[in-house]
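# Observations on chain architecture
Next come the chains, spelled out residue by residue.
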Amino acid sequence: MKHLLGTALFFVSATLVAADAAPRTATFEVRHQLDIVVPESAQKMRIWFAMPQDDPDQRVSGFKVESPYPTAITTDSEGNTAVYLEVTKPATKAFSIVETFTVARSEMTSGADPAKSRPLTAADREAQARYLGSNAQIIVDDDVRKIATEVIGAETNPVRAARKLYDWTLANIDYWVKDPVNRKASPLGSSVYCLTSRTGNCSDFNSLWTALARAAGIPTRMVYGSLFKAELEGADRDQSYHCWAEFWAPGTGWIVHDVAVADIFVGDFPTTADNAEKVRLTTAAGYFGPDPAKVDYYFGNLDERRVVWSRGRDLTLSPPQSSGPVNALAKAHVEIDGQVAEEKTVWTRKLTYREKK
């Protein structure tokens, strides 16, 4: 079991200081590009390309789309908008869709103050029922319920209960980048994989935490976005994706946390030639060693160096896709003649940016 460096000591003080301070802000000029290689046999291609969402902490301006074929903006089953393109018998062997925009981000400082919340009622849970059950890769089963019950005990305040699950996850799961030679992530963001292997990436971590929270009766949803990694600013290199979770508490609403990034700062691992770059690039601002205050900060707060692409799992896109529920829209969903086209085989995504001073 991992040592948490006394994170519980910071629970009240650090989060409330962050909530009371003026949120930090940052503005980024972004280029988001999807490159498509058209298979010889392709008759019909349909593409849903993730785009920045309207969000209280995310102000998007100057949004433009460049494409050789007409595009539209559509809205999926969770309210996420995406750039949609449909083309029959593509005339080109390859093409690109490029989004450019400016996004002004604010630090999220919900603070996670248990004094502002109360136990959920049956009516609360009925209203949030869609965020309490299983998804294809977030499994609320007897194993998960047993852990949640043991961890939470008699606690009924959802914020305190959520923190107990956050601390349990940090104590029992290791981010794969800490030991990339021996640990791997799942390709799907799987709560079962994460619980069984005791490792994973951001999507695995947050899938497991979401399953535990839902098992405890705490409504939870996952958010897919990207970090604006300081080390890669201006570089011709994809920023990849990142995800985190939001849970709902009466009196407060949706509260953010990022248990995956927090795990990097627990500090129970050495940096080596194998993991140093991966560890640095798992965070937005870099890694400078163990930091209990950051572990505490990421329960209830998020840094401003990120963008939101979508919320939710098992999405039904618009127009509806042919290939069944979409696990998550972290980058894009592409279908060729009704079949899913795989990333790196048919399509690749590149996200690059510069901070606007």
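To keep things clear, this report deals only with the structure shown in the data block. (Residues numbered from 1 in each chain as written. Predicted model: local features only at pLDDT ≥ 70, side-chain atom pairs only at ≥ 80, totals over all residues. Heavy atoms only, no water.)

## Some points on the environment of T109
Spelled out, the test is: Each helix is a run of DSSP H or I of at least 4 residues and each strand a run of E of at least 2, with the numbering of both proceeding from the N terminus.
The residue T109 is located in strand β7 (residues 108–109) in this model. Sequence separation between T109 and G300 is 191 residues; the distance between their C-alpha atoms is 6.4 Å.

## With respect to the pattern of salt bridges
Just so we agree on the cut-off: Any carboxyl oxygen of Asp or Glu that lies within 4 Å of a side-chain nitrogen of Lys or Arg is treated as forming a salt bridge with it. When a residue's accessible area, from a 1.4 Å probe over protein chains only, is under 20% of the maximum for its type it is buried; when over 50% it is exposed; and in between it is partly exposed.
Using the criterion set out here, one finds 27 salt bridges in the structure. As a salt-bridge pair, E246 and R221 come within 2.6 Å of each other at their nearest N and O atoms. Of this pair, E246 sits in strand β11 (residues 242–249) while R221 sits in strand β10 (residues 220–227); the two residues are 25 residues apart in sequence, bridging distant segments of the chain. Of the residues examined, E246 reaches a relative accessible area of 3% and is grouped as buried. The exposure class of R221 is buried, given its relative accessible area of 16%. For D238, the salt bridge goes to R349, with nearest N and O atoms at 3.2 Å. Residue D238 is found in the loop between β10 and β11, and its partner R349 is found in strand β17 (residues 347–356); the two are separated by 111 residues along the sequence. Overall, D238 belongs to the partly exposed group, its relative accessible area being 23%. One continuous salt-bridge network, built from bridges that share partners, spans D174, K178, R183, D263 and D268.

## Considerations on the nonpolar core
Threshold: Put simply, a nonpolar core is a bunch of buried Ala, Val, Leu, Ile, Met, Phe, Trp, Tyr and Cys residues held in one set by side-chain atoms that sit within 4.5 Å of each other. Only heavy atoms enter the contact rule, under which two residues are in contact if any of them lie within 4.5 Å.
L165, Y166, W209, L212, F247 and Y298 are the most contacted members of the largest nonpolar core, which totals 56 residues. Discounting residues that sit within four places of it in the chain, Y298 has contacts with Y166, V256, H257, D258, V261, A262, F265, D303 and R306. By size, the runner-up hydrophobic cluster in this structure holds 20 residues, among which are Y69, I97, A332 and W347.

## With respect to the sheet that holds strand β14 (residues 306–311)
Where we set the bar: A strand pair is defined by DSSP finding two or more bridges across the two strands. For helices, the axis comes from a line fit to the C-alpha atoms of the stretch in contact; other axes are also lines fit to C-alpha atoms, and the angle between any two N-to-C directions lies between 0 and 180 degrees.
As summarised here, the arrangement of the four strands in space is β12-β11-β10-β14, forming an open sheet in which the pairing is antiparallel. Bordering the open sheet on either side are β12 (253–257) and β14, each of which pairs with just one other strand. Each strand of the sheet is rotated relative to its neighbour by a mean of 35°, with strand direction disregarded. The pairing of β11 with β12 spans five bridges and is classified as antiparallel. Each residue of the ladder has a partner; that of F247, found in β12, is I255. Contacts between helix α4 (residues 158–172) and the sheet are confined to β11 and β12, with β11 contributing the most and set at about 150° to the helix. Against the sheet, helix α6 (residues 202–215) makes contact with β10, β11 and β12, and its axis sits at roughly 165° relative to β10, the strand it touches most.

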